[in-house]
Amino acid sequence: MTCTSKRRDHDAPARALEQWFAVHQRDLPWRRSYDPYQVWVSEVMLQQTRMEVVVPYFTNFVARFPTVAALAAAAEDEVLAAWSGLGYYRRARFLHAGARFVVSEYGGRLPESADELVRIPGIGRYTAGAIASIAFDQPAAIVDGNVARVFARLFAIEHPLRGTPLLAASWAYADEIVRAAGSPRALNQALMELGALVCTPARPDCASCPVAVHCEAHRRGDVSRYPLAAPRATAIDVEIPLYVVRDSKSRILLERHYGARMSGMFHLPHGSSALLADSSGRFVAQGELGSFRHTITHRRIVFRLVEAEPVARVADSPHEQIWVDHAALKSVAHPSYVRKAFALLSRRKALQPPRRNFE
Ligand code: SF4
């Protein structure tokens, strides 16, 4: 890789970060043993999900699948059910596929080097660097959003947030600084922790920062300039009808969809193709039950719940189907909007009375 950063002496900031981490690190479950499998699971869960949300999911997940071999042996539905509510379900599928690969290729033990780790399905450059450094204390670079923001300020990088040039410059700096570390494990976690706790997006706490004396943005008195603002992504507003079809026991019909979004999960049938296949031709609307807001990436969605009946036998659907009540929902792999819909229906007692038998 071409190094785009200027050569610097990183020894002093690396030392300051490691010492700061030793004192200020948060007590997180995967930091108690640095078990490579647990580090892997935590890193996958933390992609696109906040720490406080991840911790209970992580604890449950590793209790249910305590080793790579246990995860590899599980059925995909079990894994997706344990992931339900975390979102971005492709992560769970890749983790599962990765576990099977590690069992077949490495006898269930994760390899130590980032170069070997990127061979595993679902493990990219960031996750490989995180596992190699955090689990095995290898001098492997990591860059995520937090680290890129810290570097943008520390080195006053003149590239906009979320762009490829900022990432390329950050990877070059990350590679240099981790090689200057006494402990890559401590250094990389310190960078991530600094970004999460001190060098935060809106209000960096420079007075508490262990690398303030090395920080170029701070030296210039221009911290708010970095990282340079990214061009705004345009938000899209969409409205999606959700069909609520109930059986004689008041259970609700869910259908499994495969494809790019929320693949393999059970969904309420949609009356629009904004997210999933449009199922409106298979149902007749009977009346509105309420609506709720939900955001998926840049889509701001209003989901409208519609009481509905099928136009043909439900069993004629092209999708795998199940009938589920509120209590049984947690054992079914589903995206979080389905849980919101069930909660709304439950609050309005709309699960009663039972409907005709459509099975
Ligand atoms: Fe971030 Fe301020 Fe520390 Fe610079 S001094 S790295 S801007 S918290």
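Just so you know, these numbers come straight off a predicted model, no measurement behind them. (Residues numbered from 1 in each chain as written. Predicted model: local features only at pLDDT ≥ 70, side-chain atom pairs only at ≥ 80, totals over all residues. Heavy atoms only, no water.)

1. Digging into the overall build of the protein
Right, on to step 1. A count of helical and extended segments in the protein gives 13 helices and six strands.
Right, on to step 2. Along the first, second and third principal axes, the C-alpha atoms of the protein reach 75 × 50 × 35 Å.
Right, on to step 3. Residue pairs in contact within the protein that sit at least 24 positions apart in sequence constitute 68% of those at least 6 positions apart.
Right, on to step 4. About 16800 Å² of surface is accessible on the protein, with carbon and sulfur atoms providing 51% of the total.
Right, on to step 5. Averaging the locations of the 45 positively and 35 negatively charged side chains of the protein gives two centres separated by 5 Å. (Helix = DSSP H or I, 4+ residues; strand = E, 2+ residues; numbered from the N terminus. Contact = heavy atoms within 4.5 Å. Areas by Shrake-Rupley, 256 points an atom, 1.4 Å probe, with all protein chains shown as cover. Lys, Arg positive; Asp, Glu negative; His and termini not counted. Charge placed at Lys NZ, Arg CZ, Asp CG, Glu CD.)

2. Observations regarding the sheet that holds strand β1 (residues 236-244)
Right, on to step 1. Taken in spatial order, the three strands line up as β1-β5-β4 in an open sheet, and their pairing is mixed. A strand with exactly one partner marks an edge of an open sheet, and here the two such strands are β1 and β4 (283-296). Within the sheet, the average angular offset between the axes of one strand and its neighbour, ignoring direction, is 20 degrees.
Right, on to step 2. Where β4 meets strand β5 (residues 299-310), twelve bridges bridge the pair, whose relative direction is antiparallel. Along β5, the bridge assignment pairs H294 with I301.
Right, on to step 3. In the packing of helix α13 (residues 336-347) onto the sheet, contacts are made with β1, β4 and β5, and the angle to β4 comes to roughly 120 degrees. (Pairing = 2+ DSSP bridges. Axes fitted to C-alpha atoms, helices over the stretch in contact; angles between N-to-C directions.)

3. Let's talk about the nonpolar core
Right, on to step 1. If you look at the biggest cluster of nonpolar residues, it comprises 88 residues, and the most contacted ones within it are Y37, W40, F61, W83, I120, F151 and L194.
Right, on to step 2. Considering every element that reaches this core, the biggest residue donor is helix α8 (residues 125-136), with eight residues.
Right, on to step 3. Among the nonpolar cores identified, the runner-up in size contains 25 residues, and I240, L275, V324 and V338 belong to it. (Core = buried A, V, L, I, M, F, W, Y, C linked by side-chain atoms within 4.5 Å. Buried < 20%, exposed > 50% of the residue type's maximum accessible area, 1.4 Å probe, protein only.)

4. Considering the sheet that holds strand β3 (residues 265-267)
Right, on to step 1. Within the open sheet, the three strands sit side by side as β3-β2-β6. Their pairing is antiparallel. For this open sheet the edge positions go to β3 and β6 (321-324), each flanked by a neighbour on one side alone. Strand-to-strand twist of the sheet, defined as the mean angle between neighbouring strand axes without regard to direction, takes the value 40 degrees.
Right, on to step 2. When strand β2 (residues 252-257) meets β3, the two strands line up antiparallel, connected through three bridges. Note on β3: the bridge partner recorded for R256 is F266.
Right, on to step 3. Sheet strands touched by α13: β2, β3 and β6. Its angle to β2, the strand with the most contacts, is close to 175 degrees.

5. Some words on the site of the ligand
Right, on to step 1. Every residue near the ligand is listed here: R153, C199, P204, C206, C209, A212, C215, H218 and V223.
Right, on to step 2. Judged by the proximity of its atoms to the pocket grid, the ligand belongs to the largest cavity.
Right, on to step 3. In the shell around the ligand, the residues fall into seven nonpolar, one polar and one charged. (Near = heavy atom within 4 Å. 1 Å grid on protein atoms, 1.4 Å probe; cavity = no way out; pocket = protein on both sides within 12 Å on 5 of 7 lines; lining within 4 Å. Sits in = over half its atoms within 2 Å of the grid points. Nonpolar A, V, L, I, M, F, W, Y, C, P; charged D, E, K, R; others polar.)

6. Quick word on unusual backbone geometry
Right, on to step 1. Across the junction of Y226 and P227, the peptide omega takes the value -10 degrees, indicating a cis bond.
Right, on to step 2. Residue position: P227 is located in the loop between α12 (216-219) and β1.
Right, on to step 3. Of note in this structure, Y88 is not a glycine but carries a positive phi near 45 degrees.
Right, on to step 4. Positionally, Y88 belongs in the loop between α5 (76-83) and α6 (90-106).
Right, on to step 5. Residues other than glycine seldom take positive phi values, yet R162 does so here, at roughly 70 degrees.
Right, on to step 6. Positionally, R162 belongs in the loop between α9 (145-154) and α10 (164-179).

7. Side note on helix α11 (residues 184-197)
For an α-helix, 3.6 residues make a turn, and residues three or four places apart therefore share a direction.
Right, on to step 1. For α11, built from 14 residues, the straight-helix expectation of 20 Å at 1.5 Å per residue is met to within 8% by its first-to-last C-alpha distance of 19 Å.
Right, on to step 2. For α11, a buried count of eleven out of 14 residues is recorded, marking the element as mostly surrounded by other parts of the structure.
Right, on to step 3. P184, A186, L187, N188, Q189, A190, L191, M192, E193, L194 and G195 are the residues of α11 that are buried.
Right, on to step 4. Of the surrounding secondary structure, the elements contacted by the buried residues of α11 are α1 (11-24), α2 (36-46), α8, α9 and α10. (Expected span 1.5 Å × (residues − 1).)

8. A short note on empty space enclosed by the protein
Right, on to step 1. In total, this model carries one cavity of 30 Å³ or more according to the counting rule given.
Right, on to step 2. Looking at the largest cavity, it is lined by 15 residues, and the ones nearest its centre are R153, C199, C206, C209 and C215.
Right, on to step 3. A per-class count over the lining of the largest cavity returns twelve nonpolar, one polar and two charged. (Points joined across faces, edges and corners; volume = space filled by probe spheres on them.)

9. Considering α13
Right, on to step 1. Between its first and last C-alpha, α13 extends 17 Å over twelve residues, near the 16 Å set by a 1.5 Å rise per residue.
Right, on to step 2. Considered for burial, the residues of α13 that qualify are Y337, V338, A341, F342, L344 and L345. Taken down its axis, α13 places every buried residue within 160 degrees of arc, on the same side.
Right, on to step 3. Looking at the buried positions of α13, the neighbouring elements they touch are β1, β2, β3, β4, β5 and β6. (Arc of directions from axis to C-beta.)

10. Observations regarding the packing of α8 against α11
Right, on to step 1. Direction vectors running N to C along α8 and α11 enclose 125 degrees, while the axes themselves pass 7 Å from each other. Classified by the interaxial angle, the pair formed by α8 and α11 is oblique. Taken as a pair, α8 and α11 cross one another with a handedness that is left-handed. Touching Y126, G129, S133, I134, A135 and F136 of α8 are P184, R185, N188, Q189 and M192, all from α11. (Parallel < 35°, antiparallel > 145°, perpendicular 65-115°, else oblique. Left-handed = near helix turned anticlockwise from the far one by under 90°.)

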